[in-house]
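Chain and residue survey
So you can see what is in the structure, the chains are spelled out below.
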Amino acid sequence: MPPTLASLVHHSALKLTVRAGEDRLDVPVRWAHVSELADPVPYMEGGELLLITALKLDAEDPEAMRRYVKRLAGAGVVGLGFAVGVNYEDIPAALVEAARQEGLPLLEVPRRTPFLAISKAVSAAIAADQYRAVTAGFAAQRELTRQALTDGPEGLLTALASQVDGWAALYDASGAVVATAPEWAGRRAARITADVERLRERPAPASSVVAGPEDEDRVELHSLGTGRRPRAALAVGTAAALGTAERYAVHSAIALLTLTTERSRSLHAAEQRIGTAVLRMLLAGEPDHARAVAGELYGALLDAPFRMIVAESVAVSGSASAALAAVENPPRVQAGAKPSAAALAAASGTGGDPLGALAEIVESAAARAGESVLVVPEGERLVVLAADGGAAVAACAEYATALEAARAGSAAARGTAAGEEDELVVGLSAPAGPIAAAAAYKQAEQALSVARRRGRVCVEHEQLAAGSVLPLLADDAVRAFADGLLRALREHDATGRGDLVASLRAWLSRHGQWDAAAADLGVHRHTLRYRMRRVEEILGRSLDDPDVRMELWLALKATSAD
């Protein structure tokens, strides 16, 4: 505890007597300062015990003393020490009354007690308090280190919560709660995930204070890691502001958790190199070798069906992306699932690195679920191997849904304004095993291509067969081909010499059945036969060729919106 006026009064060598403010002696004293100025306030910082002899004061003037004491109290001076037997044999009644009215503690200093003795006593008490804080801090550091080495981050949090007489929580790179101490703090920690997300957007190291309602605790947030983006975050909740010893404990915990994080980063880089080798072996058709290299690290992933995920970050026009997304159905992956707050926050601010954000989300979800996941950066792509039906695939789907929502909101806000921005595009394969890894990679690439064409965030390969091929025709090159193929027929119809395009559509839709197609058009079947011969003559192609019929039908469908 820092020195207080009460501790100075009880100091046997000082012989101080309380003349006013007896009920305010428990106030901490930051320093003892001597000043004979008529107005020492400009030189005060607050928390001082001011020592005077009233050399330049008219201490017997009640009005002057009221003004003097009022200014001292307003400046944060915690007490006034008056030396008797120097300029005044006793403390003037005007000063005593002014101190009582203002509630400022007034101490009588006997002539045999020099001001230097009081200053030394305050200085010694402050030094002793600081020494106790440092000693307690070192003890806390040793205990935190021991807990970190024996029980990992969970043990460290338990020790930290005990040191600060509060609670502590650890968050991963995605902002999700990893561990808390005590256990009851989990719900409290979950309520500040939005504040953790905001902290993650600031360069490390960063910290902030979350001030809750009056009946709640005070929470400090600290980012962990040495890179540009924090790797984790620490929350510490206490009933009041941290003292010196508690601050040492928190700083020690930050250092230890940062070391753990950086060590994890090095291990992660090594694991990623192993994962790259495993992926290359799988794609080369060597599942046995891949399994041998995977070992216990990725072996469980290869023992059950997995999904191949291929993601790219592409620069697209804001207005084009919004237009394409507006005419497409929402992603089928995790249909109807409401994205979490963490996913929405990640989707709204990827820090210009959509692939990095996806990797963090997938890895964090897998870590929380205790499942293996293989994440490999591949040039401008990110390749992920994740257990089918597992947390990583679900997190990818949830993130895609959140991105769709974020893009829709952004498009609505900016209207048709164009602008280049990096957007995430993801393709998911069907469930596969190690033998079919190459096929799964191809499926993911195909789904990625379709997602890119449709302006979608995520497409599953299974959707391609379940849906229609017609949306794939929404491509400028296909439209140009269709317009060129049908141009001669449309120019013929424009002269009023017949309705060849409509007749061709009706005939193809009826699979070449003359009577049914003629009935649809309301003409005689001979008239329809004549029109089809004219189509063949104008196009220079035979309608008996199934490829020609297919191309014409697709051209009609591609231009049907016209």
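Below is a short write-up of the structure. All figures in this text were calculated on a predicted structure; none of them were measured in a lab.

1. Regarding the overall build of the chain
Secondary structure summary: the chain contains 19 helices and 15 strands in total. Excluding contacts between residues fewer than 6 apart, the proportion of contacts in the chain whose partners are at least 24 apart in sequence is 65%. Counting every atom, the chain has about 27600 Å² of accessible surface; 54% of that belongs to carbon and sulfur.

2. Some thoughts on the pairing of strand 5 (residues 106-109)
Remark: a regular strand shows side chains that alternate across the two faces of the sheet. Because side chains alternate across strand 5, one face comprises the buried residues L106 and E108, and the other comprises L107 and V109, equally buried. Looking at chain direction, strand 1 (residues 17-20) and strand 5 are connected through 3 bridges and run antiparallel. Looking at the pairing, V18 lines up with L107 of strand 5.

3. Observations concerning the environment of A181
For A181, the location among the structural elements is in strand 7 (residues 177-181). Along the chain, A181 and E154 lie 27 residues apart, while their C-alpha atoms are 7.5 Å from each other. Dropping the residues within four chain positions of it, A181 is found in contact with L157, T158, A161, W167 and A168.

4. Some words on the packing of aromatic side chains
Taken as a whole and assessed by the stated rule, the structure comprises 2 aromatic pairs. Judged by centre distance (6.1 Å) and plane angle (55 degrees), the ring pair of F82 and Y88 falls under tilted. Between the aromatic rings of W507 and W514, the centroid separation amounts to 5.5 Å while the plane-to-plane angle is 40 degrees, which identifies the pairing as tilted. With relative accessibility at 7%, the residue W507 sits in the buried group.

5. Observations concerning the pairing of strand 13 (residues 381-387)
Among the 7 residues of strand 13, 6 are classified as buried, and the element is accordingly described as predominantly covered. Inspection of the sheet shows strand 12 (residues 373-378) paired to strand 13 by 6 bridges, in the antiparallel sense. Note that in strand 13 the partner of P377 across the bridge is L382. Where strand 12 folds back on strand 13, the antiparallel hairpin that results is connected by 2 residues, among which G379 adopts a positive phi of roughly 65 degrees.

6. A look at the sheet that holds strand 10 (residues 232-238)
Overall, antiparallel pairing links the 5 strands, which are arranged 7-6-10-9-8 in an open sheet. Each of the sheet's edge strands pairs with one partner strand only, and the pair in question is strand 7 and strand 8 (207-211). Going from strand to strand, the sheet's axes swing by 20 degrees on average, the running direction of each strand aside. In this structure, strand 9 (residues 218-224) lies alongside strand 10, joined through 7 bridges in antiparallel fashion. Looking at strand 10, one finds that V219 is bridged to G237. Helix 4 (residues 115-164) rests against strand 6 (167-171), strand 7 and strand 10 of the sheet, and its axis sits at about 150 degrees to strand 6. Seen against the sheet, helix 6 (residues 193-200) touches strand 6, strand 7, strand 8, strand 9 and strand 10 and runs at an angle of roughly 40 degrees to strand 9.

7. Section: unusual backbone geometry
Here A181 and P182 are connected by a cis peptide whose omega angle stands at -10 degrees. Mapped onto the secondary structure, P182 falls in the loop between strand 7 and helix 5 (185-190). Of note, A54 is a non-glycine position whose phi angle comes to about 65 degrees, a positive value. Relative to the assigned elements, A54 resides in the loop between strand 3 (48-52) and helix 2 (62-74).

8. Thoughts on the environment of P114
With respect to the helices and strands, P114 occurs in the loop between strand 5 and helix 4. A residue is classified by how much of its surface remains accessible, and P114, at 45% relative accessible area, is partly exposed. Separated by 100 residues in sequence, P114 and L14 have C-alpha atoms that sit 8.7 Å apart.

9. Things to note about the sheet that holds strand 2 (residues 31-34)
Read across the sheet, 5 strands follow the order 1-5-4-3-2 without closing on themselves; strand pairing throughout is mixed. Whereas interior strands pair on both sides, the edge strands pair on one side only; in this sheet they are strand 1 and strand 2. Across the sheet, the mean angle separating the axes of adjacent strands is 30 degrees when strand polarity is ignored. Running at roughly 75 degrees to strand 1, helix 3 (residues 93-102) makes contact with strand 1, strand 4 (79-83) and strand 5 of the sheet.

10. Side note on the pattern of salt bridges
Taken as a whole and judged by the stated rule, the model has 23 salt bridges. In this structure, R247 and E220 form a salt bridge, with 2.7 Å as the shortest nitrogen-oxygen distance. You can see R247 sitting in helix 7 (residues 244-283) and its partner E220 sitting in strand 9, a full 27 residues away along the chain. A salt bridge links D515 to R525, with the nearest nitrogen and oxygen atoms 3.9 Å apart. Taken together, the residues span a long stretch of sequence, with D515 in helix 17 (residues 514-521) and R525 in helix 18 (residues 525-539) at a distance of 10 residues.

11. Some remarks on the side chain of E220
The buried category is assigned to E220, whose relative accessible area is 4%. Within polar-contact distance, the side chain of E220 engages the side chain of R218 at 3.0 Å. Within the local environment of E220, its side chain forms a polar contact with the side chain of H222, the two groups lying 3.0 Å apart. In this view, E220 contacts S208, V209, L234, A235, V236, L242 and R247; residues no more than four positions away in its chain are not counted.

12. Quick word on the side chain of T559
Within the element layout of this structure, T559 appears in the segment after helix 19 (546-558). Owing to a relative accessible area of 2%, T559 belongs among the buried residues under this scheme. Residues contacting T559, with those up to four places away along its chain left out, are R479, A482, D483, L486 and R490.

13. Quick look at helix 4
Taking 1.5 Å per residue, 50 residues should reach 74 Å; helix 4 reaches only 37 Å between its end C-alpha atoms and comes up short. In helix 4, a bend of some 145 degrees at D151 exceeds every other bend along the element, and P153, a proline, comes one to four places later. Once helix 4 ends, the next one or two residues include D165, with phi positive near 55 degrees.

14. Some thoughts on the packing of helix 2 against helix 3
Think of two packed helices as two axes; the pair is described by the angle between the axes and how far apart they sit. Remark: helix 2 packs on helix 3, axes separated minimally by 8 Å, with the N-to-C direction vectors making an angle of 40 degrees. In terms of orientation, helix 2 lies oblique with respect to helix 3. The element helix 2 and its partner helix 3 pack so that their crossing is right-handed. Residue-level inspection shows P62, M65, R66, V69, K70 and A73 of helix 2 in contact with helix 3, the latter providing A94, L95, A98, A99, Q101 and E102. Of the residues that constitute the contact of helix 2 with helix 3, the class distribution is 8 nonpolar, 1 polar and 3 charged.

What counts and what doesn't
- Within every chain, residues take consecutive numbers counted from 1 along the sequence as written.
- Where totals are concerned, whole chains, interfaces and linings use all residues; where local detail is concerned, this predicted model gives features only for residues with pLDDT of at least 70, and gives and counts side-chain atom pairs only at 80 or more.
- Only hydrogens and water are set aside when side-chain values are computed; all heavy atoms of the structure are taken into account.
- For helices the rule is a DSSP run of H or I covering at least 4 residues; for strands it is a run of E covering at least 2, with both sets numbered from the N terminus onward.
- Two residues form a contact once any of their heavy atoms are found within 4.5 Å.
- Per-residue and other accessible areas follow the Shrake-Rupley method at a 1.4 Å probe size, with only the shown protein chains counted as cover for residues.
- Only protein chains enter the area calculation, which uses a 1.4 Å probe; residues under 20% of their type maximum are buried, those over 50% are exposed, and those in between are partly exposed.
- Paired strands, as defined in this entry, are two strands with at least two bridges between them according to DSSP.
- Side-chain rings of Phe, Tyr and Trp (the six-membered ring for Trp) are treated as a pair once their centres are within 6.5 Å; stacked means planes under 30 degrees apart, edge-to-face means over 60, and tilted covers the remaining angles.
- Only the stretch in contact is used when a helix axis is fitted, and all axes are lines through C-alpha atoms; the angle between N-to-C directions ranges over 0 to 180 degrees.
- For this analysis, a salt bridge means a side-chain nitrogen from Lys or Arg found within 4 Å of a carboxyl oxygen belonging to Asp or Glu.
- In the analysis that follows, any N or O atom pair within 3.5 Å is treated as a polar contact, provided that within protein one partner can donate a hydrogen and the other can accept it, and provided that, for residues neighboring in sequence, both atoms belong to side chains.
- Expected helix span is taken as 1.5 Å per residue step, with the number of steps being one fewer than the number of residues.
- Working definition for bend: take the seven residues up to and ending at a residue and the seven starting at it, fit an axis to each, and measure the angle between the axes.
- By definition in this entry, angles of less than 35 degrees are roughly parallel, angles greater than 145 are roughly antiparallel, angles of 65 to 115 are roughly perpendicular, and the rest are oblique.
- Helix crossings get a hand from a simple test, with the near helix turned counterclockwise from the far one by less than a right angle marking a left-handed crossing and a clockwise turn marking a right-handed one.
- Each residue gets one of three labels, nonpolar for Ala, Val, Leu, Ile, Met, Phe, Trp, Tyr, Cys and Pro, charged for Asp, Glu, Lys and Arg, and polar for the others, Gly among them.

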